[in-house]
Amino acid sequence: MLIDADLEPFAGPLDLPLTDAELTALALAADPDEPLDDDAVPLHIHLAQFAGTALPQWYMPPVMARSGPRWRRPVVLAIIAAFLLIEALGLCNTFGQLTLA
């Protein structure tokens, strides 16, 4: 589906980026019941200017390297395996008490 949109407003340079504090103040001051402005641009039209490129930094930040102790994965897998075993044996573990289902 193609959308014919006027991309002229995006031809100029972008304004300076807002800080987190400024964005928070704007979000808290906004009225959620207020109708949208006539010059509001839908997100899909705004993102169309980035077609063929990576998503903008504000939309999808880069992934972070994994860090932390290596004991987490085995512990999480052991807990999941214990719950699966409880279910496979037909037991119920509601509210932390192991009973017959």
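This is a predicted model, so every value here is computed, not measured. (Residues numbered from 1 in each chain as written. Predicted model: local features only at pLDDT ≥ 70, side-chain atom pairs only at ≥ 80, totals over all residues. Heavy atoms only, no water.)

*Asks:* Quick question: what am I supposed to make of the overall build of the chain here?
*Replies:* A count of helices and strands for the chain gives 3 helices and 2 strands. Along its sequence from the N terminus, the chain presents helices and strands in the succession α-α-α-β-β. A buried classification covers 5% of the 101 residues belonging to the chain. Summing over all exposed atoms, the chain offers an accessible surface of approximately 9700 Å²; the carbon and sulfur share of this is 65%. (Helix = DSSP H or I, 4+ residues; strand = E, 2+ residues; numbered from the N terminus. Buried < 20%, exposed > 50% of the residue type's maximum accessible area, 1.4 Å probe, protein only. Areas by Shrake-Rupley, 256 points an atom, 1.4 Å probe, with all protein chains shown as cover.)

*Asks:* Is there a simple way to think about helix 3 (residues 72-88) in this case?
*Replies:* Residues separated by three or four positions in an α-helix point in the same direction, a consequence of the helix having 3.6 residues per turn. Helix length check: helix 3 (17 residues) gives 24 Å between terminal C-alpha atoms against 24 Å at 1.5 Å per residue, within 8%. Once helix 3 ends, the next one or two residues include Gly 90, with phi positive near 75 degrees. (Expected span 1.5 Å × (residues − 1).)

*Asks:* What should I look at first to understand the environment of Leu 100 in this one?
*Replies:* Locating Leu 100 in the fold gives a position in strand 2 (residues 99-100). Taking the relative accessible area as the measure of exposure, Leu 100 reaches 72% and is therefore exposed. Taking the C-alpha atoms as reference, Leu 100 lies 9.1 Å from Leu 89; in sequence the two are 11 residues apart. Ignoring sequence-local partners within four residues, the contact set of Leu 100 consists of Gly 90 and Leu 91. (Contact = heavy atoms within 4.5 Å.)

*Asks:* Just checking my understanding: could you explain the confidence of the model for the chain for this structure?
*Replies:* Detailed reading of the predicted coordinates is not advisable wherever pLDDT falls low. Summing up the model confidence of the chain, the mean pLDDT is 78 and the portion of residues at 70 or higher is 80%. Model confidence for the chain, summarised as mean pLDDT per element, is weakest for strand 2 at 80 and strongest for helix 3 at 92. With pLDDT under 50 throughout, residues 1-13 is counted as low confidence; its partners more than four residues away or in other chains account for 7 contacts. (pLDDT = per-residue confidence, 0-100.)

*Asks:* Help me understand a negative patch on the surface in this model?
*Replies:* Taken together, the side chains of Asp 31, Asp 33, Glu 34, Asp 37, Asp 38 and Asp 39 present a region of like negative charge at the surface. Asp 31 sits in the partly exposed class, given a relative accessible area of 44%. (Patch = residues over 30% accessible without salt bridge, like charges linked within 9 Å, V, L, I, M, F, W, Y side chains within 5 Å. Salt bridge = Lys/Arg side-chain N within 4 Å of Asp/Glu carboxyl O. Lys, Arg positive; Asp, Glu negative; His and termini not counted. Charge placed at Lys NZ, Arg CZ, Asp CG, Glu CD.)

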